[in-house]
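Structural overview
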Amino acid sequence: MGPKMSVWMVLAMAAVVCAAARADSIESPPYTVVHAESDFEIRLYRPLTWITTPVEDISFSKATQIGFHKLFQYIQGANLNNSRVEMTTPVLIGIVPSAGPFCSSAFAIRFFVPHEFKDSPPLPLLDSDLTVENWDEKCVAVRAFSGFAKDTNVAQEEAQLEASLQNSKWANITDSEPKDGEDAYTIAQYSSPFKILGRVNEVWVSFPSSEGCFISILQ
């Protein structure tokens, strides 16, 4: 990591720590829990807006660091509106795994746009490789896990979520493969990088449509 990156990461981590200290005021995307079991739950998210940046890398951890750096600059005012945006949670990392062990995977790092800017997010700088991304209503299966999300465990957590779903009434709905370019799964990170104990992470698997939240319940 170069000196410039190091400075930005220290500032970014400090911002996250400050945000964590006032956790009650940190804005998160609202959702409805449609169904809950001991090891997963089904959530319905209303339409949301995110700022996202793509990263190609072999390492989940390195891709997260690179994407976080770009997004942190954006919320600190490096945008066409020169607007500062409050830190939100979680930081999402969408993952499209590579075809081989030594190939780069595709990642999409996302910051949730708070309600204040929902209808008119600050425009990214033209050379920033950031995009305003609008999600329609989305149904996701979620598994929580503790500790640090890293290269050695994120795929395992996703596999455990898939195994749980295959033993549930949502099995047939989640069988379909994501389309080209779509995330295979997503890691949501809620905790400050400096927090050691009680860390909160989630793995998300999206359903093809929001109707998946309710089809199995009505069967």
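What you are looking at is a predicted structure, and each value in this text was computed from that prediction instead of being measured.

Quick look at the environment of Ile75
Inspection of the secondary structure assignment puts Ile75 in helix 2 (residues 60-75). Residues Ile75 and Met87, spaced twelve residues apart in sequence, show a C-alpha to C-alpha distance of 7.3 Å. Apart from residues lying up to four places away in sequence, Ile75 is in contact with Ser83, Arg84, Val85, Met87 and Phe111.

Topic: the sheet that holds strand 8 (residues 185-189)
One open sheet accounts for nine strands, arranged 1-2-7-9-8-4-5-3-6; its pairing is antiparallel. Looking at strand neighbours, the two that pair on one side only are strand 1 (31-36) and strand 6 (131-135), the edges of this open sheet. Strand-to-strand twist in this sheet, taken as the mean axis angle between neighbours without regard to direction, amounts to 30 degrees. Inspection of the sheet shows strand 3 (residues 48-57) paired to strand 5 (residues 105-112) by eight bridges, in the antiparallel sense. Residue pairing in the sheet places Trp50 in a bridge with Phe112 of strand 5.

Some points on a nonpolar patch on the surface
A cluster of nonpolar side chains, namely Leu80, Leu123, Leu125 and Leu126, defines an oily patch on the protein surface of about 420 Å² accessible area. Classification of Leu80 as partly exposed rests on a relative accessible area of 46%.

Considerations on the side chain of Ser191
Along the chain, the position of Ser191 falls in the loop between strand 8 and strand 9 (201-206). Since its relative accessible area comes to 15%, Ser191 is described here as buried. Reaching out from Ser191, the side chain makes a polar contact with the backbone nitrogen of Val200 at a distance of 2.8 Å.

Here we look at the state of the cysteines
What the rule picks out here adds up to one disulfide. Here Cys139 pairs with Cys213 through a disulfide, and the sulfurs are 2.1 Å apart. The disulfide joining Cys139 to Cys213 has a torsion of about 110 degrees about its S-S bond and is therefore right-handed. Here Cys139, found in strand 7 (residues 138-145), pairs with Cys213, found in helix 4 (residues 212-218); they are 74 residues apart in sequence, far enough to count as distant. By relative accessible area, which is 0% here, Cys213 ends up buried.

Notes on the pattern of salt bridges
Inspection of the entire model under this criterion finds six salt bridges. Of the charged contacts, one joins Arg46 and Glu137 as a salt bridge, the two residues approaching to 2.9 Å between their closest N and O atoms. In this pair, Arg46 sits in the loop between strand 2 (41-45) and strand 3 while Glu137 sits in the loop between strand 6 and strand 7, placing the two residues 91 residues apart along the sequence. The exposure class of Arg46 is partly exposed, given its relative accessible area of 41%. Of the charged contacts in the structure, one is a salt bridge between Asp183 and Arg110, with a shortest N-O distance of 3.0 Å. One end of the pair, Asp183, is in the loop between helix 3 (154-166) and strand 8; the other, Arg110, is in strand 5, with 73 residues separating them in the sequence. Classification of Asp183 as partly exposed rests on a relative accessible area of 23%. Three or more residues are tied together by salt bridges with common partners; here these are Glu41, Arg43 and Glu202.

Cut-offs used in this document
Residues numbered from 1 in each chain as written. Predicted model: local features only at pLDDT ≥ 70, side-chain atom pairs only at ≥ 80, totals over all residues. Heavy atoms only, no water. Helix = DSSP H or I, 4+ residues; strand = E, 2+ residues; numbered from the N terminus. Contact = heavy atoms within 4.5 Å. Pairing = 2+ DSSP bridges. Axes fitted to C-alpha atoms, helices over the stretch in contact; angles between N-to-C directions. Patch = residues over 30% accessible without salt bridge, like charges linked within 9 Å, V, L, I, M, F, W, Y side chains within 5 Å. Areas by Shrake-Rupley, 256 points an atom, 1.4 Å probe, with all protein chains shown as cover. Salt bridge = Lys/Arg side-chain N within 4 Å of Asp/Glu carboxyl O. Buried < 20%, exposed > 50% of the residue type's maximum accessible area, 1.4 Å probe, protein only. Polar contact = N/O pair within 3.5 Å; in protein donor to acceptor, adjacent residues only side chain to side chain. Disulfide = S-S within 2.5 Å.

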